[in-house]
Every structure is written in structure tokens, then in C-alpha cells.
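The lines below spell out each chain.
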Amino acid sequence: MTLAESVSPVRAERMFSCAALFTATSFLSALLLFCLEPMFSKMVLPVLGGSSAVWSIAMAVFQGLLLAGYVYAWILTRWLPLRSATLVHLAVLAVAAIFLPVGIAHGFALPPNQGLPLWLVSLFLASIGMPFFAVAANAPLLQAWFARTEHKDAADPYFLYRASNFGSFAVLLAYPFFIEPAWGLAEQSRIWAVGYALLVLCIALCGSFALSLQRPEALRTATANSSPVAWTRRIGWVAFGFVPSGLLVAVTAHIATDVASAPFLWIAPLALYLFTFVLAFTEKPFLKLEWLLAAQPFSIVLLVVLLFVEPAIPWGLALFGNLAAFFIAALICQTLLYRSRPQAQSLTEFYAWMSLGGVLGGIFAALIAPQIFNSVIEYPLLILASFALRPEIKRDFRASGLREIGFVFALSAAAVVALFAIGGPTSNLGQNFYAVMLTVAALALPFFARNRIRFLALATVLVCATNLFPPGQGIVLRARSFFGVYKITQAGNYHLFLHGTTRHGAEEMRDMKGRALTGRPEPLAYYHRAGGLAEAIEAARAHANVQRVAVVGLGIGSLSCYIRPHEHWTFYELDPLVLRLARDPKLFRSFDYCARGVPVVLGDARLTLRDTKPGVDILVLDAFTSDSVPVHLLTREAFALYRSKLARHGVVIFHISNRNLELSDVVAASAAANGMVAMLHPMLQERTNLLHRYPSEVAVVAQSPADLRNLHLGAEWHPLPPGRKVWTDDYSDVLGALLERMTKSR
């Protein structure tokens, strides 16, 4: 008769209650942990310009705190008896409660001009480090405590980790659809504190149950005497943790570039990442490993194709393709990780090594990759690394690895020789040959799926080629900073400025004979003289004697060519790299020619505008064109700041051309909340046939209806009634703006 069969009905009922309590507590703990991530990261965004890099750094910090919690759980279970471990952990939870409710720690209101990543790490640690650490330790601790009980499932308590990740997955789905639209950040923080108190109570009950249902000492000792874990196995745990964690950060940075740095975008990859644990950590997986391994080559082919065509296809389609490739790669790693798990007595050590891999992956993608790569190439490289972790790759490499790699290298070398033989990559014939060559290689890639080493080598060549030298783009310069990836490309006689896949400026650099232009540059892109921005500026000049103009968002400096001699302009720019690019006359001429001596204030506009003296006649906000929209510049509080800096009849001009977010209603609502009125210049598609002159959506906000009428804007302008719940520093709904844009685009 087994131990489970010999227990009394009362004890059996207690064991059932124990399993239910441990499962519910694991669920609640994960729910709180992963609700804290988007909630606090959203609190931080207004401090750092809404950059998606905030989330990348946040993920690295969260992984580090997770590792600290897992190592702490390992120490508790290895060196302390259950009773002492329970008391110590309850004490740690009590100390962490001192930092509640969640908020930004004192001393972090103003970021430095240099060293932003380390400063941001310090902010997270000082603000939520202790609560996150305390909650993070719960997952392995609860499993280790449950493993010491007499429950029939105690020998394999990994089902609790599945419940934990299901809780994480559930809250991440709920956050953008229910939590974020329903409550502001302050209320979310208070609710979180209540949930934390309930969690502490549940942890105490779990400790009590574990103590009362402990297995006999002889059985615990026999279990502890099993074989030790080999170092090769530990290295495998680190590798299987490294790749999905790095991928999580990299794919988030990749897909968030073109919409906004907002929780609903961060959450999609994170939710999928956690869902892979739910699917993988089970003896009967819903998606078998064999199916995943068969599908992975096709997901890589899809990724390679996306790298070719992503700028030209709808954002939603690109999002689906990237998330599919990420999901398959992560799920394969998690499944292989689960298959290599140890027995229950080494459970906390397993999680510590796995978490170490997660930390290293997060550090690589968030901190190291931006320093060594000038594009987000770490994302496809990590996808390929997941392919290299397949069980059969090591065997294949021993059999024919060097030969297959040499074959691909020889083909690539021959293609490069042929490219330069016909004129090189800068000639028209060379560019066409290069595009055809990459297309043929991509089409051939699926046929090499069975030859895994050749497939991996060819895919790596294609990924590097399309990232370093995108077909159809004459790359003049590529640069990367904390705030994003920038490209300057050449199209005929023009230089184009791109952030992600969005064009932010264009300028003619040579005449028809190929000679360098020397005269006054003509504003192009959204800033051409027939566009909404130019019309709004001229209308404001006709309405009042303009003396002072402030422009938030520098770009290539096209607006500087509207400066008049008697006007005093000031530009406000978040990214120092953008200023360096705009000032380089070899890249763009506008700012160097039109704005010599014009001051540029570096830093986030919400912070730098505070020091601006009132009396601004025209305030231009040009920071919303498609990528990483700074939500905090659209809130009620931001508009109150703008109004406080305006002259008596001053106006605010918003450039809100955005292919993904509907921002006009947001502008109107925040304006109305401050007693201001707005008019909109919609995108006029008939202007797109002009070379490098793009249609623009522009809103003008005046301080009174009389001021708005006196601007005498053209017939295409129409009033903007407030039609949405006003955004505040405590509340915003980017997902709603995305859905509204999708609805209007149909």
C-alpha cells in the first residue's frame, strides 16, 4: 500500500486543500509579478521620452531581479529547514511592503544627459527592486515546499510552475484590454498593494500546510541522495534560458519601433514568452516537439522574407509574422529545457541556472547589442541560435559541418566577386543583381531544410546581408542610440532620414548633373511649403507678430528653413545622435545652412520646456510620426504646460501624421480639458504624387475660439470636437488609438 493510499480521509482532504492552495498562491504571485512589469514601466515612460528602450532595460532588470529571487530561494531550501525558511521569507515579504504603494523613488525625477541605461537600472532597483525580488522568489519556493509534502504529486511539482505562468499569461492579456483602460496608474498601484497583502497571507498558509504535511525524514533523506547534476546539463539550462530571454527583448524592440512604447505592445511578446512555459512544462504537450522542429525552418524562411519586405507591408501582418517566428523559437527552447529538468530536490537550482541564462540573454539584447550593432540584427541572430540548439545539430556538425559551411561560404564569395565585377553595390546594375541574388537565395532556402547545417549557414548569410545592405536601399549611414535605429539612405539625388521603417525627412543634395547643391535647401517630406505644417505656421504669423518659436523634435532640421530674421527659434531634441546627424552637412544641409547659431536643448520636452520662459508665439510638437510615440506629450498635464508657456495669442501646432495611431481625438480631448480649441488638417492623398513631398496630418490648438477663427486657415481645415476620454499622466489608451486608426483606414 502506498503512502497516498494509507492516509486518512481527513488527511487526504487536507492534501487536496494543500494542492489547491499552492496552485492558487502560485497563480496569484505570478499575476502580481507580471502586472507590476507593465504598470511600473508605464510610470517610467514620461521620464525618458517614451522610448521603447525603456522596456528593453526594464526587461533586463526584471530578469536580474528574477535571478536574485531564484538564487535566494535556492539558498533557503538548501541551507534552512522548512520552518526557518518560511519565517525568513515572511520577514522579507514584510520588509518589501515598506516600498508600497508602487511609485518612482525620490531622486529620479530628472534623467542625466549621459549614462541613461545605468541610471534607468538604478531607478527600477530603488523603486520596485525589493517587492519584485520578494515576489519573484515565490515560484521556486512554493514548488520546493510542496515537494516536501506527502502529496502524491510532490515528486514532480513542476505543474505549479505551469500554473504560475498561466497566471502571468492571464494578467498580461488582461492588462491592455481591461486593466489599463479601466484604471489609472495610481489606482492600479493601490489595487496591487491589496493583492500583495493577500499574497503574504497565502504564503503564510502555504508554509503552515507544508509544515503539517511534511514527508517522513527517512523518505526525504533517501530522495536527497540521488545523483548530482552534471555541469554540461547546467550549461544547457543557461543556454535554453539565454536565447528566449534575449529574443523577448529583441523582438519587442523590433516590433515596438513603429507604433509606440506602450504596454500593449510590450505585452504581446511577453505573454507569448510566458505561454511557452505553460505549453512546454507538461508531460503531454499540446504542441509536440517534433511538430515544432518541423515548422521551425519555415518560420525562419518567413523571417528572412519579412526582412526583405517589412517596410512595404501592413504593420499588423509584419507583427504576426515576427511573433510567429519568435513563438516557435521560444517554445522549442522551453520544451528542450523542460525535458532536461532535474528531480525535485534540485528544483531550485534548476530555476537559478535557467534564470541566469535569462539574465544574460536580457543583458545581451538590452545593453550589449545596442553598443555593438547599428541595427536590431540581434533579433534574427537569436532566432537562428534557437535553431542551433536543436538536439540533432551537434551530431550533424560533427558529420559534415565544416564541409557545408565551406560550401555556403564559397557560394557567397563567388556572388560577391560577381557583384563587384559588374560595377559594385553602388551601380544600378549591381543593386539589381544584389536584389535578385538575395531573392533567389531566399527562395532556395526551404529546399535546404533537411540539410540543417547548410540551411543554418545560408540563413545566417541572408540575415546578415539584408541587415547590413538592405536590397533597394542605398545606405549612406546607419546609427543606433538608446532611442532607436537610424538610417540615412540615398534615392537618386536625395538623402532620406529613417527611424525604424518611417521616413522622417528628405532633402535634395545634388542637382541633375550630380553636382553638390550649395543654395538654400527647399523643405521636403512633411515640411514642404504646400503642406499643413507650413500653412499653420504662416497662419499664425498673419494672426500675430511672431517673435519666439519653439520646436519639439528636430529630425533633419527641415523646419529651420522657415526661420525669419527677426524671429527667435529654439529646438528641443531628445536624442543627441539626431542632433549630430542633422548638423553634418555631408548628410543634410538644412540645419547647417538655415539654423547656424540657433539653440538646441537636449532632453525630454516635458522636462526641458519647464525651464522655458513664457511668451512663446508658436510651439510646434513634431514627435508623433509613427515610431515610439511619446504618449506623455499628449496628456492633459502636458497641454497645461504648453499653455503656460504661450504668449497671449500663441498657438500649438501638432504634427500627428501617423499610419498606426489615431491621435487627433487625443489632441482635441487634452486641448478641451485645458480650455483650448483645435482644428485639423487631414492627410490629403492627392499630394503623394509629388517627389518626396508627403501628405501630413496637422492639428492647430488655440487658446480661445476667437484666436482659432482669426488664424484664417484654409477650407480643408475643420474643427476638432473632443471625442475620447482625455489622456493623463495617470491614464492613456494607446490600444484604443490603434484600433481607431485601423477602423478609419478601412
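In the block above lies the structure referred to throughout.
Residues numbered from 1 in each chain as written. Predicted model: local features only at pLDDT ≥ 70, side-chain atom pairs only at ≥ 80, totals over all residues. Heavy atoms only, no water.

A. Examining the overall build of the chain more closely. Along its length, the chain carries 26 helices and 12 strands. Looking at the 746 residues of the chain, the share that counts as buried comes to 59%. By sequence separation, contacts in the chain at least 24 residues apart represent 77% of the contacts at least 6 residues apart. Roughly 30100 Å² of accessible area belongs to the chain as shown, and the carbon and sulfur atoms make up 65% of that amount. (Helix = DSSP H or I, 4+ residues; strand = E, 2+ residues; numbered from the N terminus. Buried < 20%, exposed > 50% of the residue type's maximum accessible area, 1.4 Å probe, protein only. Contact = heavy atoms within 4.5 Å. Areas by Shrake-Rupley, 256 points an atom, 1.4 Å probe, with all protein chains shown as cover.)

B. Region of the structure containing the sheet that holds strand S2 (residues 484-491). The 4 strands are arranged S1-S2-S3-S4 in an open sheet whose pairing can be described as antiparallel. The two strands at the open ends of the sheet, each matched to only one other strand, are strand S1 (474-481) and strand S4 (502-508). With direction set aside, neighbouring strand axes in the sheet form an average angle of 15°. Relative to S2, S1 runs antiparallel, the two being bridged by 7 bridges. Each bridged residue has a counterpart across the sheet, and for Ile475 the counterpart in S2 is Thr489. (Pairing = 2+ DSSP bridges. Axes fitted to C-alpha atoms, helices over the stretch in contact; angles between N-to-C directions.)

C. Molecular detail of the state of the cysteines. Enumeration over the complete set of coordinates arrives at 1 disulfide. Two residues share a disulfide in this structure: Cys561 and Cys594, whose sulfurs sit 2.4 Å from each other. Across the S-S bond linking Cys561 and Cys594, the dihedral sits near 80°, which makes this disulfide right-handed. Here Cys561 is found in the loop between strand S5 (548-552) and strand S6 (568-573), whereas its partner Cys594 is found in helix H21 (residues 590-594), with 33 residues between them in sequence. (Disulfide = S-S within 2.5 Å.)

D. Main features of the environment of Ala706. For Ala706, the location among the structural elements is in helix H25 (residues 705-710). Sequence spacing of Ala706 and Val677 is 29 residues, and the spatial spacing of their C-alpha atoms is 9.7 Å.

E. Expanded view of helix H14 (residues 347-372). End to end, H14 covers 36 Å across 26 residues, agreeing with the expected 38 Å (1.5 Å per residue, within 8%). Along H14, the largest kink reaches about 40° and is centred on Phe364. (Expected span 1.5 Å × (residues − 1). Bend = angle between axes of the 7 residues up to and from the residue.)

F. Spotlight on the packing of aromatic side chains. Inspection of every chain in the model, using the stated rule, returns 24 aromatic pairs. Geometrically, the ring pair formed by Tyr273 and Phe277 is edge-to-face, given 5.4 Å between the ring centres and 90° between the ring planes. In this pair, Tyr273 and Phe277 are both assigned in helix H11 (residues 263-280), 4 residues apart and thus about one turn of the helix distant. Of the residues examined, Tyr273 reaches a relative accessible area of 9% and is grouped as buried. On the accessibility criterion, Phe277 (4% relative accessible area) is buried. Centre to centre, the rings of Trp569 and Phe571 are 6.1 Å apart; their planes meet at 35°, and the pair counts as tilted. Overall, Trp569 belongs to the buried group, its relative accessible area being 5%. (Phe/Tyr/Trp six-rings, centres within 6.5 Å; stacked < 30°, edge-to-face > 60°.)

G. Inspection of the pattern of salt bridges at higher detail. All told, the structure shown has 13 salt bridges when counted by the stated rule. For Glu349, the salt bridge identified is with Arg234, shortest N-O distance 2.5 Å. With a gap of 115 residues between them, Glu349 in helix H14 and Arg234 in helix H10 (residues 231-256) connect regions that are remote in the sequence. What makes Arg234 buried here is its relative accessible area of 12%. Ionic pairing is found between Asp511 and Arg515, a salt bridge with its closest N-O pair at 3.0 Å. Relative accessible area serves as the criterion here: at 18%, Asp511 is assigned to the buried category. It is possible to trace a salt-bridge network through shared partners that takes in Glu538, Arg541, Arg564 and Glu567. (Salt bridge = Lys/Arg side-chain N within 4 Å of Asp/Glu carboxyl O.)

H. Here's a closer look at the side chain of Asn674. Tracing the backbone shows Asn674 in the loop between helix H24 (664-673) and strand S10 (677-681). A distance of 3.4 Å separates a polar atom in the side chain of Asn674 from the backbone nitrogen of Ala640. Every residue in contact with Asn674, bar those within four places of it in the chain, is listed here: Arg636, Phe639, Ala640 and Arg643. (Polar contact = N/O pair within 3.5 Å; in protein donor to acceptor, adjacent residues only side chain to side chain.)

I. Examining unusual backbone geometry more closely. Here the bond from Leu100 into Pro101 is cis, since omega is -5°, no more than 30 degrees from zero. Of note, Pro101 is situated in the loop between helix H4 (82-96) and helix H5 (116-136). Positive phi, close to 55°, is recorded for Ala525, a residue that is not glycine. Locating Ala525 in the fold gives a position in the loop between S4 and helix H19 (532-543). At His712, a position not held by glycine, the phi torsion is positive, near 55°.

J. Main features of H24. Taken across its 10 residues, H24 has 8 buried, putting it largely inside the fold. Those residues of H24 lying buried are Ser664, Asp665, Val666, Val667, Ala668, Ala669, Ser670 and Ala671. One or two positions beyond H24, positive phi appears at Gly675, with a value near 70°.

K. Structural detail: the sheet that holds strand S12 (residues 718-719). Strand order in the open sheet made by the 8 strands is S7-S6-S5-S8-S9-S11-S10-S12, with mixed pairing throughout. Single-partner strands in this sheet number two, and they are strand S7 (600-602) and S12. Bridging between S5 and S6 involves 5 bridges; their strand directions are parallel. Paired with Ala550 across the two strands is Thr570, which belongs to S6. Sitting on the sheet, H19 touches S6, strand S8 (616-621), strand S9 (646-655), S10 and strand S11 (698-702), and the angle it makes with S9 is about 175°.

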